[in-house]
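Each chain, letter by letter, is given below.
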Amino acid sequence: MKDAQPRAIYLKDYQAPDYWIDTTDLTFDLFEDHALVTSVLGVRRNEDHGEDTPELTLVGIDLELVSVCVDDTELTPAQYIQGSESLTVPVASQAFSLTVVTRIRPQENTSLEGLYKSNGMFCTQCEAEGFRKITYYLDRPDVMSKFTTKVIADKGRYPVLLSNGNDIARGEFDGGRHWVTWEDPFKKPSYLFALVGGDLEVVEDTFTTMSGKEVALRIFTESHNIDKCDHAMVSLKKSMKWDEEVYGREYDLDIFMIVAVDHFNMGAMENKGLNIFNSSCVLASPDTATDASYQRVEAIVAHEYFHNWSGNRVTCRDWFQLSLKEGFTVFRDAEFSADMNSRGVKRIEDATVMKTAQFAEDAGPMAHPIRPQSFIEISNFYTLTVYEKGCEVVRMIQTIVGKDNFRKGSDLYFDRHDGEAATCEDFVKAMEDASGVDLSQFRNWYNQAGTPVITVTDHFNPSSRQYSLTIGQSCPATPGQDSKLPFHIPVAIALLDQKGQALPLNEVGETEQVLQVTAANETWTFDGLTEKPLPSILRNFSAPVRVNYDYRREDLVFLMKYDSDGYNRWDAGQRLATEVIQDLVKGLLKGEEAEIDSKLIEAFGVVLADEQLDKAVKTEMLRLPTEASLAEQAEEIHPLQICEARSRVRKAIAVAHKNQIQALYQTLEQKGDYSPEATEIAERTLRNTCLGYLSELEDDSQQQLAVDQYRSAGNMTDLRAAMSAVINSSYQSQETIDALLNDFLDRYKNDSVVMDSWFMMQSASPSLGTLEHVKSLLEHASFDSTSPNKLRALLGGFASGNMKQFHSGSGEGYEFLADWIITLDKQNPQTASRLMTPLTRWKKYEPVCREHMRKALERIKAVPDLSTDIYEVVTKSL
Ligand code: B3K
Ligand code: ZN
């Protein structure tokens, strides 16, 4: 019997296991309706726990037990206990071998966890707790073992058989079956195990490491995608080089493999030597992938590769430590992307995710510290908090200890814990030991949830020529944490004079200073000023906090023009636009026609005209805050008014600056072949941003522009931008929209990844993506409800990307989503759980939406036998 009610587990209850598993020898016999798994475990008593030999309980889910042997003796059923999710065997010695044979049914595994099939190929996903769906095991990350894996299958259907490590032997059986044995010399936890069997093609290359070792690099895909692997291969080689140069980390096996699969619950997985990727995160060609996809592929290939050290060589002791590997690895991939592309834009993009989505998570019912203290279902904790805020916490450590010390700290961490399962505390301690900097108070970031707020006030005294800045900090209550201790927050600041020049802040003339904010309230004084400066606060988003400072709108316009910090320059524009749109929302709620503040329109004109401004940064500055960002910053969310107000401001900008935008669009005309180089990406993005504004104009020639761009586009970036401009325009005819959608479908109906974008463009379109339209797309021949990518594109695009349609009507959108969550929970709980996010924010909405959302959640909660995934989210939300 399963537990009647899922229970939480707590970090404070952590205990090392009673037994270790030194060796794991697996044999997989793969057939069309089942797989037979033979597992031979070299088990050893954990000597720290004494010399007695308590019984050994292994965990396993959905397994058919065939036989159990201890050493060479087969046990009778009376000698072991098989629970619904466990196997308990008696133990009589300090070390023994345990052989367990189980039968599993990968073909029927729709959860995409454990061993399953995607488009006829066998593949695995074991993190966090999927290995227990393969065989009985101590499926916890502190149990590290040397794995040997023999895979046997029909040679015709599955010519390629892969697992972790190096292939050491292969052979053939009569009857068309063949086998390959893989040996991984590095100890690893079961969550890093992987197996693939399929009819795959391969792209090969090599990389010579810094010590001169040649590593074979192989990317496997289905044959029709084999021409889309070059970018991933280039990205992999860049990542390997970068990790050597920046972190001194060298690759350790003779072979590194990536396999692309269509059915995958997330982006990719860092299994030792055998990364498995969602096709959408590895395949790219100019004709099928946008610039954003090219950059995503580069970043995810890097992220998974970097895990080889931050995650695999040094792994996590328990799942509460997830941010140890994820926060650090996100930091590593963010710095890599910044080095490969535009550093300034990368920072703006990352800060946007934090401020829009992570701050919302931190303010919602699922809020948790980057190291959670408890959970019911670990799959629910692969969150923006653990990943992105975890990255910001690592970045703050680097800011506080300095770059050189940070590198010493990371060397010490890898050196001290190589081959071990470590904790967040081990990481902080290594940083402290290497730098000599006290991080005691900084540790609060690991324990406390919620987004701190810093409130800044200032005062200038002309007679003493002193300027003082007072910074107070607070942090709102979060579930289970009513009051918080002060955080250690590095706040980078500069002071601008009336010409916009940053003033020197010390004797050596530095114009930026990082204030170490540690108290609840503290004042800093700057001497020798002749005028009151304008502070530029939290430069480069130096900490994941909200800033309260009473900027006048003129100040924001001034910062937009003069701040030398790219992030703050952009942020000033976002603040100004947010205030202006908030004014309109208030007006709409009162039924008044509020005026759009001309300061914003003029400021956008200045940005457009600024020829010195880097094109990538300019594009970011021309983007209005997203609806999600406006919702996050609202006291109470009025979704339809937010959409309406933002759309009015967009139109007003287009009308006011039509000529300038048109001219800019023309000068950025695309020439030559596509390349994903940063400068070219910047030009395309700016040009397509202009196209978006021009499509707001009720003017036939402007409307024609997008159609023309669609017809002449030489790459997917321009094609998709044109398509979005057409389907999001209020002035295009239905005939034109249908013609383009059909043309796109004709060209790409056989490309599953591109078809995801076809669904998403429609479901996220405020004009086209009505509930009825989304429902009709569910019936489309290319829709596949077993594919998480398709579900995310259609249901996620609608519920998270289409504020106007999802929240309109009287709750039908919520009911529709709830129906799908209930259905999917039986099939794939992880994907179902991710789709819940928009409903979890119900308390922040205006009363009518709020009530409808609550009802949808209550209906989900009432369903019997919910998965732990949905149970946890729904009970915490209500
Ligand atoms: N470590 C994996 C995530 C696994 C998620 C399991 N539900 C990918 C990554 O972060 O690199
Ligand atoms: Zn990761």
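It should be noted that the structure appears before, not after, this text.
The rules behind each value
Residues numbered from 1 in each chain as written. Chains lettered and ligands numbered in written order. Predicted model: local features only at pLDDT ≥ 70, side-chain atom pairs only at ≥ 80, totals over all residues. Heavy atoms only, no water. Axes fitted to C-alpha atoms, helices over the stretch in contact; angles between N-to-C directions. Helix = DSSP H or I, 4+ residues; strand = E, 2+ residues; numbered from the N terminus. Parallel < 35°, antiparallel > 145°, perpendicular 65-115°, else oblique. Left-handed = near helix turned anticlockwise from the far one by under 90°. Contact = heavy atoms within 4.5 Å. Salt bridge = Lys/Arg side-chain N within 4 Å of Asp/Glu carboxyl O. Buried < 20%, exposed > 50% of the residue type's maximum accessible area, 1.4 Å probe, protein only.

**A few points about the packing of helix α2 (residues 291-306) against helix α3 (residues 322-340)**
Contact geometry for α2 and α3: axes closest at 9 Å, N-to-C directions at 135 degrees. Relative to α3, the element α2 is oriented oblique. With respect to the hand of their crossing, α2 and α3 are arranged in right-handed fashion. Note on element contacts: α3 touches α2 through Glu 326, Thr 329, Val 330, Arg 332, Asp 333, Phe 336, Ser 337 and Met 340, opposite Glu 298, Ala 299, Ala 302, His 303 and Phe 306.

**Observations regarding the pattern of salt bridges**
Oppositely charged side chains can pair when the atoms bearing their charge come close. Counted according to the given criterion, the structure contains 74 salt bridges. Across the salt bridge formed by Asp 433 and Arg 416, the nearest N and O atoms sit 2.6 Å from each other. In this pair, Asp 433 is assigned in helix α7 (residues 424-435) and Arg 416 in helix α6 (residues 403-417), connecting sequence segments 17 residues apart. The exposure class of Arg 416 is partly exposed, given its relative accessible area of 36%. In this structure, the salt-bridge partner of Arg 553 is Glu 579, at a minimum N-O distance of 2.9 Å. Of this pair, Arg 553 sits in helix α9 (residues 553-562) while Glu 579 is found in helix α10 (residues 566-590), placing the two residues 26 residues apart along the sequence. For Glu 579, a relative accessible area of 26% translates into the label partly exposed. Within the structure, one salt-bridge network assembled from shared partners comprises Glu 335, Asp 339, Arg 343, Arg 347, Glu 392 and Arg 395.

**With respect to unusual backbone geometry**
In this model, Glu 127 is joined to Ala 128 through a cis peptide bond whose omega is 0 degrees. Within the secondary structure layout, Ala 128 lies in the loop between β11 (121-125) and β12 (146-154). A positive phi angle is found at Asp 71, which is not glycine, with a value near 50 degrees. On the secondary structure map, Asp 71 appears in the loop between β5 (64-70) and β6 (73-74).

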